[in-house]
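An overview of the molecular structure
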Amino acid sequence: MSVVTDTVEWLTDSVRWSGDDGIPHRLLEHVGYTAETIAIAAVIAVPLGFWIGHTGRFRSVAVALTGAMRALPTLGLLTLIALYLGIGLTPPLIALVVLAIPPLLAGAYAGVEAVDSQTVDAARAMGFTEWQILTRVEIPLGLPIIVGGIRSAVLQVVATATVAAYVGLGGLGRYLIDGQAVSDYPQMAGGSVVVVALALVLDGVFAALQSLASGRRPAARPVGA
Amino acid sequence: MTWLLDNLDLVRELFVRHAWISVVSTLIGFAVSLPIGWYAHQHPRIRGLTVALVGVLYTIPSIALFVILPGVLGTGFLSVVNVVVALSTYAAAVMVRTATDAFGSVSPAVVDAATAAGFSGAQRVFRVELPLAGPVLLAGLRVVSVSTVSMLSVASLIGVSNLGSLFTDGFRRDFLTEIVIGIGAIVLLALLLDLLLVLAGRVLMPWSRAQRTAAPTSRPRQAFWSRFTGVRA
């Protein structure tokens with residue numbers, strides 16, 4: 001059980017809770033990278049997804065792209081971009097943005113698409129312009145799925161940002177990578193525990209946002225069963 | 001290209017290793033998920049809890065799980081067992097949800113008809129419910145297989161060798177070619193396994209070919225899959 005006690009010791013050591021390599025600072029860094037990446041990726045992917053979902057154009061391209069991206073190994077993309085663009089924080093962040101785009105895109109087009117076509121036709125018949133249909137009917141009704149897309153993108157970026165410590169990014173992944181370099185298992189395990197906690201908290205927050213977005217509309221939930 | 005020819009043995013060895021770890025993990029996850037998914041489908045009260053629980057499992061970043069598992073399981077840090085357990089857990093996390101949906105997609109009328117025709121409980125499950133749930137299970141398995149292949153490469157960071165080792169090695173040596181070949185090999189493996197699954201589906205479920213286009217595009221299912229699109233690290 002010494003592994004567990006060592007890890008707990010590492011986590012509770014007061015040295016760990018202050019300074020540039022302290023958990024609060026690393027945690028803030030990690031959340032900062034995640035927020036930055038999601039914001040940039042959302043600016044690119046969400047409007048594009050809305051357009052695809054609304055017009056139905058390039059839908060098969062988007063489906064194929066999101067499917068193909070799943071096969072692309074994150075570590076491969078990270079090392080590739082880091083080597084290609086050189087040292088610094090920008091290359092890993094670019095890789096994170098690239099990886100955040102597919103889930104955001106999928107959430108945006110699936111959300112708009114999932115709106116009942118009769119509802120859309122009714123809005124059109126009432127004289128809504130296409131823009132009004134999108135902003136007043138499709139986006140509000142598709143919101144739970146759109147938020148779901150953001151949720152999976154956030155989780156994915158939290159996970160990938162950890163891996164990105166290997167190519168020089170800061171954040172919580174530093175504990176795992178630096179610990180691995182000096183065979184310091186308690187540091188790796190302690191860092192992992194913090195990463196898992198962060199992922200679970202963020203998932204909880206977005207689950208709450210998602211149910212807030214669904215309101216009382218049961219159709220918004222996947223009704224597979 | 002010369003590098004690939006010079007190191008063909010290494011790449012082939014890593015490819016085979018990557019393939020068996022992915023296949024074994026996917027199959028274990030699939031095997032574990034079937035009874036859980038079936039049980040959850042039978043008991044609506046447990047269904048919500050199960051789906052929530054596997055959702056939480058899926059939330060854990062893989063690199064963290066790769067690191068934590070040796071401490072929990074007491075296995076060696078470099079043991080491939082950690083990686084197989086971690087990847088099987090993710091596979092099961094997605095497949096339990098899919099299996100619940102898959103058994104839910106079987107028409108209750110058909111199940112009742114089977115009972116009326118004198119099928120015993122086990123016969124009904126294996127000869128009616130399981131085959132009819134097959135197409136949805138296959139769709140889930142294809143997603144899991146691809147993401148398992150991709151996720152395994154992260155394990156090279158903690159020293160368990162696989163095709164991802166080409167990334168770490170290439171990065172350390174500042175050698176782009178090796179990384180590109182690693183990505184190519186992983187994508188190739190993912191495609192190969194996907195092809196095998198599709199072929200297996202055609203052989204095992206020849207009846208589903210005609211309906212295949214109709215099933216996966218249904219709206220609710222799409223909403224569900226949107227959670228799992230994109231790569232996982």
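Given the structure is predicted, the values throughout are model-derived calculations rather than measurements. (Residues numbered from 1 in each chain as written. Chains lettered and ligands numbered in written order. Predicted model: local features only at pLDDT ≥ 70, side-chain atom pairs only at ≥ 80, totals over all residues.)

For chain B, the helix and strand inventory stands at ten helices and zero strands. Ordered by position from the N terminus, the helices and strands of chain B form the series α-α-α-α-α-α-α-α-α-α. Every one of the 233 residues in chain B was classed for burial, and the buried ones make up 45%. Considering only contacts in chain B between residues 6 or more positions apart, those separated by 24 or more positions represent 71%. (Helix = DSSP H or I, 4+ residues; strand = E, 2+ residues; numbered from the N terminus. Buried ≥ 20, exposed ≤ 12 C-beta atoms within 10 Å, placed from the backbone. Contact = placed C-beta atoms within 7 Å.)

Attention now moves to the overall build of chain A. A tally of regular secondary structure across chain A gives nine helices and zero strands. Going from N to C terminus, chain A has its helices and strands arranged as α-α-α-α-α-α-α-α-α. Once the C-alpha set of chain A is aligned to its principal axes, its extents read approximately 65 × 40 × 30 Å. Within chain A, the fraction of its 225 residues that count as buried is 51%. Taking contacts inside chain A between residues at least 6 apart in sequence as the whole, the part at least 24 apart equals 73%.

Turning our eyes to something else, we now look at helix α8 (residues 165-172) of chain B. Along α8(B), six of the eight residues are buried, which leaves the element largely enclosed by surrounding structure. Among the residues making up α8(B), those that are buried are B:S165, B:L166, B:F167, B:T168, B:G170 and B:F171. In this fold, the buried residues of α8(B) make contact with α4 (74-85) of chain A together with α2 (8-42) and α9 (176-204) of chain B. In the stretch just after α8(B), B:D174 is the one whose phi turns positive, near 60°.

Moving on, we come to the nonpolar core. Of all hydrophobic cores here, the largest spans 124 residues; its most connected members are A:A100, A:L104 and A:A164. Ignoring anything within four residues of it in the chain, the contact list for A:A100 reads A:T37, A:I38, A:A41, A:A153, A:Q156 and A:V157. (Core = buried A, V, L, I, M, F, W, Y, C linked by C-beta atoms within 7 Å.)

The subject of this paragraph is the interface of chain B and chain A. On the chain A side, the residues contacting the 50 residues of chain B number 52 residues. Of all the elements in the fold, those that place two or more residues in the side of chain B that touches chain A are α3 (44-59), α4 (62-73), α5 (80-104), α7 (121-152), α8, α9 and α10 (219-225) of chain B. Of the residues forming the side of chain B that touches chain A, the biggest block, eight residues, is contributed by α9(B).

What follows deals with the environment of A:I94. Inspection of the secondary structure assignment puts A:I94 in helix α5 (residues 90-113). Expressed as a C-alpha distance, the spacing of A:I94 and A:V201, which sit 107 residues apart in the sequence, is 25 Å.

This paragraph deals with α4(A). All names here are of chain A. Over its twelve residues, α4 extends 16 Å from the first C-alpha to the last, a length consistent with the 16 Å expected when each residue adds 1.5 Å. Burial in α4 covers these residues: T74, L75, G76, L77, L78, T79, L80, I81, A82 and L83. Of the residues one or two after α4, G86 is the one with positive phi, at around 95°. (Expected span 1.5 Å × (residues − 1).)

Quick look at the environment of A:T74 now. Inspection of the secondary structure assignment puts A:T74 in helix α4. When the C-alpha positions of A:T74 and A:V98 are compared, they lie 9.9 Å apart, and in sequence the two are 24 residues distant.

Turning to the confidence of the model for chain A, a few remarks are in order. All names here are of chain A. Of the residues in chain A, 95% reach a pLDDT of 70 or more, and the chain-wide mean stands at 87. Per-residue pLDDT, averaged within each element of chain A, yields its smallest value for helix α3 (residues 59-71) (82) and its largest for helix α2 (residues 23-55) (93). Within the model, pLDDT remains below 50 along residues 218-225, and this stretch shows 17 contacts once partners closer than five positions in the same chain are excluded. (pLDDT = per-residue confidence, 0-100.)

With that settled, consider the packing of helix α6 (residues 108-116) of chain B against α7(B). All names here are of chain B. Contact geometry of α6 with α7 gives a least axis separation of 11 Å together with a crossing angle of 160°. In terms of orientation, α6 and α7 fall into the roughly antiparallel class. Crossing hand, α6 versus α7: right-handed. Residues V110, V111, A114 and T115 of α6 form the contact with α7, whose participating residues are R124, V128, E129 and L132. A breakdown of the residues in the contact of α6 with α7 according to their chemical character gives five nonpolar, one polar and two charged. (Axes fitted to C-alpha atoms, helices over the stretch in contact; angles between N-to-C directions. Parallel < 35°, antiparallel > 145°, perpendicular 65-115°, else oblique. Left-handed = near helix turned anticlockwise from the far one by under 90°. Nonpolar A, V, L, I, M, F, W, Y, C, P; charged D, E, K, R; others polar.)

With that out of the way, let us pick up unusual backbone geometry. For A:F58, which is not a glycine, the phi torsion comes out positive at approximately 55°. On the secondary structure map, A:F58 appears in the loop between α2 and α3. On the neighbour-count criterion, A:F58 (14 C-beta atoms within 10 Å) is partly exposed. Although it is not a glycine, B:D174 sits at a positive phi angle of roughly 60°. Inspection of the secondary structure puts B:D174 in the loop between α8 and α9.

We now examine the packing of α7(B) against α9(B). Residues and elements named next belong to chain B. One can describe the packing of α7 onto α9 by two numbers: an axis separation of 9 Å at closest approach and a directional angle of 165°. One way to sum up the angle between α7 and α9 is to call them roughly antiparallel. As for how α7 packs across α9, the hand of that crossing is right-handed. Along the contact surface, α7 presents G134, L138, L141, R142, S145, V146, V149 and S150, while α9 presents I186, L189, A190, L193, D194, L197, G201 and L204. For the contact of α7 with α9, the per-class residue count stands at ten nonpolar, four polar and two charged.

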